[in-house]
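# Summary of structural features
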Amino acid sequence: MEDNRVWEFEQGLWTGDAEHYEESIDESAVMVVPTPPYVLESAAAVKAVQDTPRWDSVEFADGTIVRPQEGLIAIGYTATAMRGGDRYVAHCTSTYRRIAHDEWKVVQHSQLPELAVKADVQTDS
């Protein structure tokens, strides 16, 4: 998958409907999200997303793509997502595996919200 298609695929996971999300997640995926229960396997992740409002838009920064072997793509990036007046910033990773020619599924995704990063750098005075 070419780089621009990787980012389009990832954007669809943030802004697409629940059906698109379900079609994009591998049956043996694992995800780490910023709300309980935090660690989810694919069926639970898809169910959680069905009840979550989708983002209106998302922008990616600091993106990197690696291809450690044929049929495997891992990406890392900072996402800034908007929904109405709400803004969400998170540092994320996703890993895709190729199922068939031009068919890719997410096998791993994780999010570290910006708030958690800022909380880590606070010092006791």
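Starting from 1, residues in each chain are numbered consecutively following that chain's sequence as written. In keeping with the predicted nature of the model, local features appear solely for residues at pLDDT of at least 70, side-chain atom pairs appear and are counted solely at 80 or more, and the whole-chain, interface and lining totals rest on all residues. Side-chain measures were taken over the full set of non-hydrogen atoms in the model, leaving aside hydrogen atoms and water.

### What to know about the overall build of the chain
A run of H or I in DSSP counts as a helix once it spans at least four residues, and a run of E counts as a strand once it spans at least two, with each numbered from the N terminus. When helices and strands are tallied, the chain shows 4 helices and 6 strands. Reading the secondary structure of the chain in the N-to-C direction produces α-α-β-β-α-β-β-β-β-α. Overall size of the chain, expressed as C-alpha extent along the three principal axes, is 55 × 30 × 25 Å. Here's how the labels work: a residue is buried when its accessible area is under 20% of the maximum for its type, exposed when over 50%, partly exposed in between, all with a 1.4 Å probe on protein chains only. Counting across all 125 residues of the chain, residues that qualify as buried make up 37%. Per-residue and other accessible areas were derived by the Shrake-Rupley procedure at a 1.4 Å probe size, with only the shown protein chains allowed to occlude residues. As presented, the chain carries roughly 7700 Å² of accessible surface, and 50% of it is formed by carbon and sulfur atoms. Counted as positive: Lys and Arg. Counted as negative: Asp and Glu. His and the chain ends are not counted at all. Taken as the charge centre is NZ of Lys, CZ of Arg, CG of Asp or CD of Glu, depending on the residue. The chain carries 10 positive and 22 negative side-chain charges, and their two centres are separated by 0 Å.

### Observations concerning the pairing of strand 4 (residues 72-83)
Pairing of strand 3 (residues 57-69) with strand 4 involves 9 bridges; the strand directions are antiparallel. If you follow Val58 over to strand 4, its bridge partner there is Ala81. Paired strands, as defined in this entry, are two strands with at least two bridges between them according to DSSP. The turn joining strand 3 and strand 4, which pair antiparallel and follow one another in sequence, is formed by 2 residues; a positive phi near 85° is taken by Gly71. Strand direction decides the pairing type here: strand 4 and strand 5 (residues 86-100), joined by 12 bridges, are antiparallel. What sits directly across from Ala74, in strand 5, is Thr95. The antiparallel pairing of strand 4 with strand 5 creates a hairpin that spans 2 residues between the two strands, and Gly84 there sits at a positive phi of about 60°.

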